Amino acid sequence: MADNPGVVYAGPGKVEVHDLGYPKLRLEEQKRDTPHGVILKVVTTNICGSDQHMVRGRTTAPQGQSLGHEITGEVIEIGRDVEFIKEGDLASVPFNIACGRCRMCKEGKTGVCLNVNPARPGAAYGYVDMGGWMGGQAEYVMVPYADWNLLKFPDKDQAMEKIMDLTMLSDIFPTGYHGVHSAGVTTGSSVYIAGAGPVGLAAATSAHLLGAAVVIVGDMIPERLEQARSFGCETVDLRQVTELPDALAEIVGEPEVDAAVDAVGFEARGHGEGAGEQPATVLNDIMTAARVGARLGIPGLYVTGDPGGVDENAKVGQLGVRIGLGWAKSHSFTTGQCPVMRYNRQLMMAILHDKTNIAKNVGATRISLQEAPQGYQEFDRGAAKKFVIDPHNMVAA
């Protein structure tokens with residue numbers, strides 16, 4: 001029997017379940033011990049759209065790369081330097097790995113920690129160029145700097161009853177919230193969210209939580225648009241739209257909104273039936289859609305290396321963005337990894353006190369670890385679901 005079966009990238013379009021080896025309180029790739037870390041028994045771990053970029057071969061991820069950065073688990077072993085987390089605790093793991101000691105962490109910018117990745121600021125579990133940390137789509141995983149990183153749930157039994165909601169705290173709920181919060185969404189706002197994948201739906205959920213008057217979601221997949229409508233969003237079918245402002249005017253009475261969010265990223269397509277890949281489309285759309293003086297949230301992923309880019313510029317993340325339009329409209333932009341710890345505790349409280357139904361809104365769907373390859377295939381085809389892997393069969397049906 002495998003010590004620790006987990007999901008790995010096995011080449012473009014393919015994932016497999018391999019033995020990752022039981023985790024140690026050490027990161028071999030960086031040759032550093034982690035006495036500040038813990039070993040988690042993974043309770044839930046989710047398939048993310050950013051995982052799909054790797055699986056499609058759109059990053060420089062090597063074959064054999066372990067996957068999974070959305071992790072919730074039970075502590076089963078603690079390092080000698082861990083003071084406040086205890087064995088048996090149930091906790092959410094922010095996808096950004098952060099030391100809690102560097103300048104960026106002390107400024108609350110945990111997505112660009114300076115000490116956890118020798119190659120660049122910022123690290124994550126199971127992701128290319130993110131420091132070599134093992135992925136969490138497995139039965140067990142090691143989490144470093146546990147006292148700093150883990151969000152412990154106050155009541156374990158209550159948490160297990162709401163685990164399909166709480167599992168979203170590791171990434172997509174804070175990321176979606178970050179997108180609309182940084183775009184300035186508040187009571188009475190109108191907001192356009194590009195993309196009805198899980199992050200877009202989490203952003204729409206967050207916009208409702210923040211009091212938006214009108215939440216508009218654009219996508220090309222009918223099932224995902226229907227999912228957005230299921231919790232009160234207006235929708236735009238971008239297969240049938242050539243001019244986004246006209247579609248917005250039909251909904252809000254004017255061709256612009258108060259705030260706009262890009263929840264798509266670098267694999268964006270143009271408008272219209274059968275439109276091909278045009279990676280700057282969404283960035284240009286949100287500048288077009290947002291009123292003068294607006295703020296734009298960009299939680300969608302952009303990369304500096306894309307082997308499958310449509311041209312040589314796109315392969316290095318150089319896109320045809322209409323920055324002159326954004327400048328003329330005095331827009332401000334927020335990009336980069338969501339600093340999960342800025343939001344996860346507040347969002348946990350909203351879940352525990354029944355202020356949001358994030359699992360329902362994003363179509364949370366439980367699968368086993370062995371079903372993960374099938375889940376990746378369905379997700380890649382545009383399923384209106386957020387696949388939640390349950391490695392130990394701990395989640396109630």
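The coordinates are above.
Residues numbered from 1 in each chain as written. Predicted model: local features only at pLDDT ≥ 70, side-chain atom pairs only at ≥ 80, totals over all residues. Heavy atoms only, no water.

A.B. asks: Please set out the overall build of the protein chain residue by residue, giving values where relevant.
C.D. replies: The number of helices and strands found in the protein chain is 14 helices and 17 strands. Taken against the 2.2 N^0.38 rule, which gives 21 Å for 397 residues, the C-alpha radius of gyration of the protein chain at 20 Å falls within 12% of a compact globule. For the protein chain, the residues scored as buried account for 58% of the 397 residues in total. Total accessible area on the protein chain stands at roughly 16,200 Å², and carbon and sulfur atoms take up 48% of it. Considering the protein chain, the positive charge centre built from 35 side chains and the negative charge centre built from 47 side chains are found 5 Å apart. (Helix = DSSP H or I, 4+ residues; strand = E, 2+ residues; numbered from the N terminus. Rg over C-alpha atoms; globule rule 2.2 N^0.38 Å. Buried < 20%, exposed > 50% of the residue type's maximum accessible area, 1.4 Å probe, protein only. Areas by Shrake-Rupley, 256 points an atom, 1.4 Å probe, with all protein chains shown as cover. Lys, Arg positive; Asp, Glu negative; His and termini not counted. Charge placed at Lys NZ, Arg CZ, Asp CG, Glu CD.)

A.B. asks: Outline the pattern of salt bridges, supporting the account with residue identities and numerical values.
C.D. replies: For the structure shown, the criterion picks out 21 salt bridges. Ionic pairing is found between R26 and E28, a salt bridge with its closest N-O pair at 3.2 Å. For R26, a relative accessible area of 29% translates into the label partly exposed. You can call E28 partly exposed: its relative accessible area is 46%. Across the pair K386 and E70 runs a salt bridge whose closest N-O atoms are separated by 3.1 Å. Of this pair, K386 sits in strand 17 (residues 386-389) while E70 sits in strand 6 (residues 70-78); the two residues are 316 residues apart in sequence, bridging distant segments of the chain. Pair check on accessibility: K386 and E70 agree, each one buried. If you follow the salt bridges from partner to partner, you end up with R56, R58, E267, E277, D306 and D380 in one network. (Salt bridge = Lys/Arg side-chain N within 4 Å of Asp/Glu carboxyl O.)

A.B. asks: Explain the nonpolar core to me, and be specific about the residues and the numbers.
C.D. replies: Core analysis: the biggest nonpolar cluster contains 68 residues, and L169, V191, I193 and V215 have the highest contact counts within it. With six residues, helix 7 (residues 198-209) is the single largest residue contributor to this core. Look past the residues within four positions of I193 in its chain and what remains in contact with it is V180, G200, A203, A204, V215, I216, V217, G218, V261 and A263. One finds V42, I71, I85 and I97 within the second-largest nonpolar core, a separate group that totals 28 residues. (Core = buried A, V, L, I, M, F, W, Y, C linked by side-chain atoms within 4.5 Å. Contact = heavy atoms within 4.5 Å.)

A.B. asks: Could you give me a rundown of the packing of helix 6 (residues 172-182) against helix 7, with the residues and numbers involved?
C.D. replies: Following both chains from N to C, one finds helix 6 and helix 7 inclined at 60°, their axes separated by 7 Å at the closest point. Between helix 6 and helix 7, the crossing angle belongs to the class labelled oblique. As for the relative orientation of helix 6 and helix 7, their crossing is right-handed in sense. Facing helix 6, whose interface residues are I172, F173, T175, G176, Y177 and V180, helix 7 presents P198, V199, A202, A203, T205, S206, A207 and L209. Classifying every residue of the contact of helix 6 with helix 7 by side-chain character gives ten nonpolar, four polar and no charged. (Axes fitted to C-alpha atoms, helices over the stretch in contact; angles between N-to-C directions. Parallel < 35°, antiparallel > 145°, perpendicular 65-115°, else oblique. Left-handed = near helix turned anticlockwise from the far one by under 90°. Nonpolar A, V, L, I, M, F, W, Y, C, P; charged D, E, K, R; others polar.)

A.B. asks: Kindly report on helix 7, identifying the contributing residues and their values.
C.D. replies: Every α-helical turn comprises 3.6 residues, leaving residues that sit three or four positions apart pointing alike. Compared with the 16 Å implied by 1.5 Å per residue over twelve residues, the 16 Å span of helix 7 between its first and last C-alpha is a close match. Counted residue by residue, helix 7 has ten buried out of twelve residues, so it is predominantly covered. Of the residues one or two after helix 7, G211 is the one with positive phi, at around 95°. (Expected span 1.5 Å × (residues − 1).)

Geometric values such as these leave the question of function open.
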